[in-house]
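Given next are the chains, with one letter for each unit.
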Amino acid sequence: MQIEAEMTVTTDVVKLVFHNKQGELYIHHNFKYNQAVSGLYLNFKNRKLQSASLQPADHGTIIQLLPPKNINQNELLENIQEIISNKKLTPVGDNQNLIGYVEEIMLILDQFMYPLIPKTKTFKKTQHRWKKSIADVAFMVDAFDSKATIFWQKRNEMRIVKGATLRTKYPLNKDGSIGLDARMGTQLRQEQASKVEKFTTTEDIILKSVNEVGLFLYFGGTNSWLVLKDVTNKTIDEYAIVK
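All of these numbers come straight from a predicted model, not from anything done at the bench.

Basis of the calculations
- Residues numbered from 1 in each chain as written.
- Predicted model: local features only at pLDDT ≥ 70, side-chain atom pairs only at ≥ 80, totals over all residues.
- Heavy atoms only, no water.
- Helix = DSSP H or I, 4+ residues; strand = E, 2+ residues; numbered from the N terminus.
- Rg over C-alpha atoms; globule rule 2.2 N^0.38 Å.
- Buried < 20%, exposed > 50% of the residue type's maximum accessible area, 1.4 Å probe, protein only.
- Contact = heavy atoms within 4.5 Å.
- Expected span 1.5 Å × (residues − 1).
- Arc of directions from axis to C-beta.

Asks: Where do I start with the overall build of the chain in this structure?
Replies: Counting its regular elements, the chain contains five helices and twelve strands. Over its C-alpha trace the chain gives a radius of gyration of 30 Å, far above what one expects of a compact globule, namely 18 Å for 243 residues. Counting only C-alpha atoms, the chain reaches 85 × 40 × 35 Å along its principal axes. In the chain, buried positions account for 37% of the 243 residues. Nonlocal contacts in the chain, meaning residues at least 24 apart in sequence, comprise 52% of its contacts between residues at least 6 apart.

See below:
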């Protein structure tokens, strides 16, 4: 989509006049309340949309829309209020001129960082990487009624040293059901049953990940990257996190 307009910028306002008589848009940083009220007003605070109405707010940044003559202001307001409510483009009616105008306004406002629809923050999953220097570091667990010493000896090998103490009971969900972590931890213990006696390991045990270690020792339920620590209390997360 390409939108052509003439732009004028002052300290108080950004003015866009669209080509082909497609209306005007004003971004008021210092709205003059003694001026005539016309058009539709989008009221922003800290770049977050607070309201849309036919009257300007008494604070924040005010974006004034003067649509072209073929766009009804009340229909435009209804459409924008639906977008705000549903957090997505949800046209009211089948007026293609109105729908096209709204899409253009949304694109422009996004470019000026005044979105009608707030952007959803995406959180990158934390990544960890094994390094040869980690292989000789002894990581301890002393939490959730479990005690153990663990070595991350290879990329996919976590060695739990013989003599580790396992948590005896797993916590239930609020409704009394058995959670996924409890079921997975139980399965791991069943696979290693020949190396465990009375909740104490009798041989070294090799698992594939920090997550599996947590499930095996104390049925998980927490971020195990923050539970395994060396003698200085430095977590395995601090050793291996990719920055």
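Asks: Before we go on, may I ask you to explain unusual backbone geometry in this structure?
Replies: Peptide bonds are, in most cases, trans, and in most cases residues other than glycine have a negative phi. A positive phi angle is found at asparagine 46, which is not glycine, with a value near 55°. Counting through the fold element by element, asparagine 46 comes out in the loop between strand 4 (40-45) and strand 5 (48-53). On the accessibility criterion, asparagine 46 (70% relative accessible area) is exposed. In this structure, phenylalanine 219 is a non-glycine residue whose phi angle is positive, near 60°. Here phenylalanine 219 shows up in the loop between helix 4 (210-218) and helix 5 (236-240).

Asks: Teacher, can you tell me more about helix 3 (residues 180-191) here?
Replies: Quick reminder: α-helices carry 3.6 residues per turn. Residues three or four places apart thus point the same way. In a regular helix each residue adds 1.5 Å, so twelve residues correspond to 16 Å; helix 3 covers 17 Å between its end C-alpha atoms and thus fits that length. Along helix 3, the residues that are buried comprise Ala182, Gly185, Leu188 and Arg189. Relative to the axis of helix 3, the buried residues are bounded by an arc of 125° and lie together on one face. Exposed and facing more than 90 degrees away from the buried side of helix 3 are Leu180, Gln190 and Glu191.

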